[in-house]
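Now for the letters of each chain:
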Protein chains: 2
Amino acid sequence: MRVGVIGAGQLARMMIPAAIELGVELRVLAEGEGMAASLAADHVGDYTDPDTVLAFAREVDVVTFDHEHVPQHVLRTLVDAGVAVHPGPDALRFAQDKLLMRERLAELGLPVPEWARVATPDELDAFIAEHGGAAVVKTPRGGYDGKGVRVVRGAAEVAEWFATVGEDGRDGALLVEELVDFRRELAQLVARRPSGEVVAWPLVETVQVGGVCSEVIAPAPRSAGRLADVAADVAIAVAEGVGVTGVLAVEMFETVDDRVLVNELAMRPHNSGHWTMDGATTSQFEQHLRAVLDLPLGGTGCHDEWAVMVNLLGGPAEGTLTDRYADALAGHPTVKVHNYGKAPRPGRKVGHVTAIGPDLDEAVYEARAAAAALQD
Amino acid sequence: MRVGVIGAGQLARMMIPAAIELGVELRVLAEGEGMAASLAADHVGDYTDPDTVLAFAREVDVVTFDHEHVPQHVLRTLVDAGVAVHPGPDALRFAQDKLLMRERLAELGLPVPEWARVATPDELDAFIAEHGGAAVVKTPRGGYDGKGVRVVRGAAEVAEWFATVGEDGRDGALLVEELVDFRRELAQLVARRPSGEVVAWPLVETVQVGGVCSEVIAPAPRSAGRLADVAADVAIAVAEGVGVTGVLAVEMFETVDDRVLVNELAMRPHNSGHWTMDGATTSQFEQHLRAVLDLPLGGTGCHDEWAVMVNLLGGPAEGTLTDRYADALAGHPTVKVHNYGKAPRPGRKVGHVTAIGPDLDEAVYEARAAAAALQD
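All values reported here derive from a predicted model rather than from experimental measurement.

## Re the relation of the copies chain B and chain A
By a simple turn and slide, chain B fits onto chain A: the slide is 0.0 Å along the axis, the RMSD is 0.0 Å, and the turn is 180 degrees. Both copies are brought into coincidence by an operation consistent with a two-fold rotation axis. In terms of C-alpha distance to the rotation axis, chain B has Pro17(B) as its closest residue, with the C-alpha 2.2 Å off the axis. Comparing interface residues between copies, 100% of those in chain B also sit at the interface in chain A, which points to an isologous, same-surface contact.

## Overview of the pairing of strand β9 (residues 182–192) of chain B
Residues and elements named next belong to chain B. Along β9, nine of the eleven residues are buried, which leaves the element largely enclosed by surrounding structure. The pairing of β9 with strand β13 (residues 246–255) spans ten bridges and is antiparallel. Within β13, the position partnered with Glu-185 by the bridge is Phe-253. Bridge count between β9 and strand β11 (residues 204–209): three bridges; the pairing is antiparallel. Bridge pairing links Ala-187 to Val-204 in β11. Linkage of β9 to strand β10 (residues 198–200), two consecutive antiparallel strands, is achieved through a turn of five residues, within which Gly-196 is found at a positive phi near 115 degrees.

## Description of the UniProt feature "binding site: ATP" (unreviewed entry) in chain A
Residue and element names in this part refer to chain A. Here the UniProt-annotated "binding site: ATP" (unreviewed entry) positions come out as Lys-98, Lys-138, Glu-177, Glu-178, Leu-179, Val-180, Glu-185, Asn-263 and Glu-264. You can see Glu-177 is positioned in strand β8 (residues 174–178). Not counting chain neighbours up to four residues away, the residues in contact with Glu-177 comprise Arg-102, Pro-113, Glu-114, Trp-115, Phe-127, Ala-135, Val-136, Lys-138 and Asn-263. Here the side chain of Glu-177 touches Arg-102 through a polar contact of 2.7 Å, side chain to side chain. Along the chain, Asn-263 turns up in strand β14 (residues 260–266). Taking the relative accessible area as the measure of exposure, Asn-263 reaches 9% and is therefore buried. Apart from the residues within four sequence positions on either side, Asn-263 is in contact with Met-101, Arg-102, Lys-138, Glu-177, Glu-185, Glu-251, Met-252 and Phe-253.

## So, the sheet that holds strand β6 (residues 135–138) of chain A
Residues and elements named next belong to chain A. An order of β5-β8-β6-β7 is seen for the four strands of this open sheet, with the pairing classed as antiparallel. Here the strands that pair on one side only, and so sit at the sheet edges, are β5 (115–118) and β7 (149–152). On average, each strand axis in the sheet is inclined to that of its neighbour by 25 degrees, with strand direction left out of account. Direction of pairing for β5 relative to β8: antiparallel, over a ladder of four bridges. Across the sheet, Ala-116 pairs through a bridge with Val-176, a residue of β8. Against the sheet, helix α5 (residues 98–107) touches β5, β6, β7 and β8, its axis set at about 140 degrees to β5. This element, helix α6 (residues 121–130), spans β5, β6, β7 and β8 of the sheet and lies at about 160 degrees to β5.

## Quick word on the domain arrangement of chain A
Residue and element names in this part refer to chain A. Taken domain by domain, chain A consists of domain 1 (2–85), domain 2 (114–178) and domain 3 (182–375). Once you take the C-alpha centre of each, domain 2 and domain 3 turn out to be 29 Å apart. Contacts between domain 2 and domain 3 engage five residues on the former and seven residues on the latter. Taking both sides of the interface into account, the surface hidden between domain 2 and domain 3 amounts to around 370 Å²; carbon and sulfur atoms contribute 31%. Counting the contacts that link domain 2 with domain 3 gives one salt bridge. Our count for the domain 2 to domain 3 interface comes out at two residue pairs in polar contact (both at pLDDT 80 or more). In terms of residue class, the side of domain 2 that touches domain 3 is made up of no nonpolar, one polar and four charged.

About the cut-offs
Residues numbered from 1 in each chain as written. Chains lettered and ligands numbered in written order. Predicted model: local features only at pLDDT ≥ 70, side-chain atom pairs only at ≥ 80, totals over all residues. Heavy atoms only, no water. Least-squares fit on C-alpha atoms with pLDDT ≥ 70 in both. Contact = heavy atoms within 4.5 Å. Buried < 20%, exposed > 50% of the residue type's maximum accessible area, 1.4 Å probe, protein only. Helix = DSSP H or I, 4+ residues; strand = E, 2+ residues; numbered from the N terminus. Pairing = 2+ DSSP bridges. UniProt positions renumbered as here; feature names shortened; annotations may be inferred. Polar contact = N/O pair within 3.5 Å; in protein donor to acceptor, adjacent residues only side chain to side chain. Axes fitted to C-alpha atoms, helices over the stretch in contact; angles between N-to-C directions. Domains from an automatic or database assignment. Buried area = accessible area lost by both parts, 1.4 Å probe. Salt bridge = Lys/Arg side-chain N within 4 Å of Asp/Glu carboxyl O. Nonpolar A, V, L, I, M, F, W, Y, C, P; charged D, E, K, R; others polar.

Structure representation (structure tokens):
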């Protein structure tokens, strides 16, 4: 069994251990040399070039992704050539275009923030005026980790986005959403295989700093019962309604008035699911491989009461993460360290740590302290 | 940080995921193409040739092993050249020569079966006569998985061993041991780093069939308290007394009169420790890397009450393990499958499965049933 991954970042890297254990051969098409998944990156090439991607795809049983940026025309070339692509282009376009995603979720009757397609500054200002004087504007395509997302009080603050949004030849429009008054952010991870089976891990709480995931607590505190059920139902409805195959992360807001609203979708293993590597029966990386190969999915139970994941953002100011191991590992022998093998750079995701245990406060402390010892 | 592994079997293969997560670069010197650890096998060469091994060693920070068969003169060449070798030759010789091992354990005052060095059939027959008419004869070097071990009632049964044992230029002698009346077999896994730290995982029970490990139960049932303490003390005494660095497995007999006797040593990750990959905070493969790099060792606690590992011996009569995934994974979604990527062959270790849980009978059932679904 051979799986081809387009993109060689840390998500592809973390698929390698799962592939080794399952006896699945993993091949990676890297954007360049020295990427995080370089161990399995036997191809280097441009993922926007149909010939390059098709040649790569011919050598594997199924193509999947480290990111959602492969253009639709490239994906269609693969499908037309008979290549198994999971998730497929019909699903991926909803992860690639936030306006399409909002439209589709609305069609499915799923709970989303109030939103509108705005093609002009006047339309945006009208939406802002109707929604309390502030709103969130998003470029429909190309954003990640907080890029392409801005809270504004007037259209002038995103004038340059209006100027450029039509440049790719599509109808130029931005997505605007109400500024949701949320209590916290949640994420629901599910996996779906082509033949239909769907499984859900426990709902988690995510903490974002500057638009970038900082911490994840699994399960989300005070989520047992109705909240967990609603979140799982919503995520499964998204997976089925959008036709996602593989792992799907549904980022959600829990509002101050106890609603759950879908924020963003990621159709691949996701930062909110890294805790599964150490805290769950089946990691999201193993599950993604099982799902895209249309194999039966694995259990999603937890090893302990709590799992807390803290991202390593930036890495140490001097040296590398491994330079800190002598102190960090000695002080935190039960914390699991995941090092993406990337050079430190401010804000860059260079790794993560996970602590599991029966006491939430203790797990939070251990994970944060280990992260601090590794990079602060 | 770069670790070089000599040998590319399943033990080297299972070091790769641990190395990826720790951000340690793993290089493997393989005996040939297509070995289990081929993903990291960037060198192919003869591990008995000093120049080949030294060239490999020059590119890494520390050399360690997938097996114990690297000749002493090659190991000495590395040490003389200033290469860090863990475990070192002074420790490894006790894993390479069972007579040396017995002598050393006796010097250390550790509990071992009654044994003797026998250079002639007459000496062997005398030992047998003194020990109830039967004994276990072992070739001091080169045996594994039951090979080179024979229960005999007279020296004539190992006449050909006496004929060949002196051929390697050493003093020709066999090891003979009393036939221990044991209740069961146990194994104690420990890890020791060069700067002295030692940790022990829980004592496990091992089930051998035809000299090959078939099942492991962690922790060993009815072992809490004195038995666990004695076993850990013995294994730590071995690690320190022999100067082992890295993971050490001490195979033991629990006798019918409640003694614990040391049977065999393995100075590397060991089949009796595969359960740690799914059942313990730190897997033996991660721990081995930490130990040989002289990094602080990780926690050895368990994820659940019980872990049961069942070897996949031989694989399916037709096709490969992956051909069985559709049925086996569907029926056993919580069992973890480890596929070494080897072609099936009768008796060959081609993988293992692990089940963990709060109920021992259930875990045993799940692991055995999954193993059967994968290969029977």
